[in-house]
Structures are given as C-alpha cells and as structure tokens.
Amino acid sequence: MQVNLVQGDITRQEVDAIVNAANSSLLGGGGVDGAIHRKGGPEILAECRALRASHYGRGLPTGQAVATTAGKLPARWVVHTVGPVYSATEDRAELLRDCYRNALRVAGELGARTVAFPLISSGIFGWPIDDAVRQALAVLDSAETTVEQATLVLFDAATYQSALSVRGAPA
Ligand code: AR6
C-alpha cells in the first residue's frame, strides 16, 4: 500500500473512506469528529445511533472500528474508530495501532481503495505528535491489505512538519 502524508482537512479528502477519531459513544464530539459530523450532515449521526441501538449498545470499544455512510462528504464511507487516551504511566500504543489496523480492515472489507486517516489520539486525547505518527506509520507502512493508498492527513503545518521529520522525508 502506498502511504502519503498531507497537510489538510480530512473532511475535504477525495477518497473512498475517511477515518474518524471518535469516542465510544459514537455520538459526536470535538476535533475531527465534530468536523466530520458537521460537514457530513445528520445521516452519519443517524447511522451511529442505529449502531448504538444494535451491535454497540455499550459503545464502540477502544481500538475497534465500524463504518457508516459519509453523508454529504466527498468520501463514500466514514470508518469510526476510538483511540486510547494518552497515558504517561501505561503503554497504550497497541490500542492505538489497533485503530489503524481495524480501520484499514473495515475499509478493505467495504471495497475502499483509498483511505484517509487523521492522526488518531493526537488532539483531545493527548498523544504526543511524534509518537502518534510513529504508531500510525508502523501499521500503515507494513499493512497487508487490498487498500491501495492510505493518506495520513495532518491538520496543521507544525504537525505536518513533525510527521515529515518522523518519516525522514525532506521537509
Ligand atoms: N482534519 C484533519 N485532522 C484534524 C481535523 C480535521 N478537520 N480536526 C482536527 N484534526 P482529535 P483525538 C486533528 O482531538 O485526540 C473528539 O471529541 C487534530 O489536530 O480530533 O483522537 C472525539 O469525540 C489532531 O492532530 O481526536 C473524542 O472524544 C488529530 O486530528 C476525542 O475528541 C486528532 O485530534 C478524540 O480525541
């Protein structure tokens, strides 16, 4: 799979599926989650509510992933995943990598060829940027999948520059 880093807003990505850094409630929040629901419209929330009423009565567990429509967004699907809250005393990196693995698996099962990811857990959930990039690339760079292209979308210039340095690409 080809892995690209871009600076931008994930809601504008012209890809088959975008990944949402959601919370277990699946009912929206701030950050990228808020932006996706705001721009995607109420269809996404309606499907999230249906998921809560059926398979995910207790919410979506951390590290797992589930898809809905992307509503009015250019993408066809939103794959919701729940990153771990960063902890300085407990290593939760495996759960963070699970988010990328499971979101990619769900996207592949849907038939998505192109998938955009935000830098999961690196905002409200407090994961240090450089390590968040390392965990994302550890999964994406070695993934065995039918997805052909993954784009890691970094929201601001500083995060994008950090991601380029972590990858060792010229800035
Ligand atoms: N496009 C791309 N990246 C974005 C966008 C955007 N439109 N907006 C923010 N980011 P966060 P988390 C970046 O906080 O840390 C929500 O309330 C942001 O700069 O969205 O996993 C959920 O409901 C950061 O680098 O997600 C959960 O409760 C990255 O996306 C909680 O926040 C992730 O930041 C999840 O926290």
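Residues numbered from 1 in each chain as written. Predicted model: local features only at pLDDT ≥ 70, side-chain atom pairs only at ≥ 80, totals over all residues. Heavy atoms only, no water.

Undergrad: Tell me what's going on with the pattern of salt bridges, and back it up with residues and numbers.
TA: Throughout the structure, instances matching the rule amount to nine salt bridges. Ionic pairing is found between D141 and R167, a salt bridge with its closest N-O pair at 2.8 Å. Here D141 is found in the loop between helix 4 (129-140) and strand 6 (149-154), whereas its partner R167 is found in helix 5 (residues 157-167), with 26 residues between them in sequence. Judged by relative accessible area, R167 falls into the partly exposed class, the value being 31%. The network of salt bridges with common partners includes E94, R97, D98 and R101. (Salt bridge = Lys/Arg side-chain N within 4 Å of Asp/Glu carboxyl O. Helix = DSSP H or I, 4+ residues; strand = E, 2+ residues; numbered from the N terminus. Buried < 20%, exposed > 50% of the residue type's maximum accessible area, 1.4 Å probe, protein only.)

Undergrad: Quick one: what's the story with the site of the ligand, residue by residue and with numbers?
TA: Neighbouring the ligand are 20 residues; N23, G30, V32, D33 and S122 lie closest to it. Side-chain polar atom of D9 to a nitrogen atom of the ligand: 2.9 Å apart, as the coordinates give it. Residue G30 places a main-chain N or O atom 2.7 Å away from an oxygen atom belonging to the ligand. In isolation the ligand exposes 700 Å². Once the protein is present, 91% of that is buried. In terms of residue count, the dominant contributor to the shell around the ligand is helix 1 (residues 31-40) (four residues). Across the shell around the ligand, the residue classes tally to nine nonpolar, nine polar and two charged. (Near = heavy atom within 4 Å. Polar contact = N/O pair within 3.5 Å; in protein donor to acceptor, adjacent residues only side chain to side chain. Areas by Shrake-Rupley, 256 points an atom, 1.4 Å probe, with all protein chains shown as cover. Nonpolar A, V, L, I, M, F, W, Y, C, P; charged D, E, K, R; others polar.)

Undergrad: Run through the state of the cysteines, naming residues and quoting values.
TA: Applying the stated criterion across every chain, the model contains zero disulfides. No disulfide involves C48; its sulfur sits 15 Å from the nearest other cysteine sulfur, which is in C99. We classify C48 as buried; its relative accessible area is 0%. (Disulfide = S-S within 2.5 Å.)

Undergrad: Any details on the pairing of strand 2 (residues 17-22)? Residues and values, ideally.
TA: With five of its six residues buried, strand 2 lies for the most part within the structure. Both strand 2 and strand 4 (residues 77-82) contribute to a ladder of six bridges, which runs parallel. The residue of strand 4 that forms the bridge with A17 is W77. In this sheet, strand 5 (residues 114-118) lies alongside strand 2 in parallel orientation, the contact comprising two bridges. Paired with A17 across the bridge in strand 5 is V115. (Pairing = 2+ DSSP bridges.)

Undergrad: Give me the lowdown on the pairing of strand 4, citing residues and values where you can.
TA: Among the six residues in strand 4, six count as buried, and that is most of the element. In strand 4, alternate side chains face the same way, and those of W77, V79 and T81 on one face and V78, H80 and V82 on the other are all buried. In terms of strand pairing, strand 3 (residues 65-69) meets strand 4 through five bridges, oriented antiparallel. Each bridged residue has a counterpart across the sheet, and for T68 the counterpart in strand 4 is V78.

Undergrad: Residue-level account of the packing of aromatic side chains, with values.
TA: For any pair of aromatic rings, the description rests on two quantities: the centre-to-centre distance and the angle between the ring planes. Tallied over the entire structure, the rule returns two aromatic pairs. Between Y100 and F117, the ring centres sit 5.4 Å apart and the planes meet at 35 degrees, which makes this aromatic pair tilted. In this pair, Y100 is assigned in helix 3 (residues 93-110) and F117 in strand 5, connecting sequence segments 17 residues apart. As far as burial versus exposure is concerned, Y100 and F117 are alike and both buried. (Phe/Tyr/Trp six-rings, centres within 6.5 Å; stacked < 30°, edge-to-face > 60°.)

Undergrad: Any chance you could break down the sheet that holds strand 5 for me, citing the residues and the numbers?
TA: Taken in spatial order, the six strands line up as 1-6-5-2-4-3 in an open sheet, and their pairing is mixed. Strand pairing shows two members of the sheet lacking a second neighbour, strand 1 (2-7) and strand 3, which therefore form its edges. Averaged over all adjacent pairs, the angle separating strand axes in this sheet is 25 degrees, with direction ignored. Contacting strand 2, strand 4 and strand 5, helix 1 crosses the sheet at an angle of about 130 degrees to strand 2. (Axes fitted to C-alpha atoms, helices over the stretch in contact; angles between N-to-C directions. Contact = heavy atoms within 4.5 Å.)

Keep in mind these numbers describe shape, not what the thing actually does.
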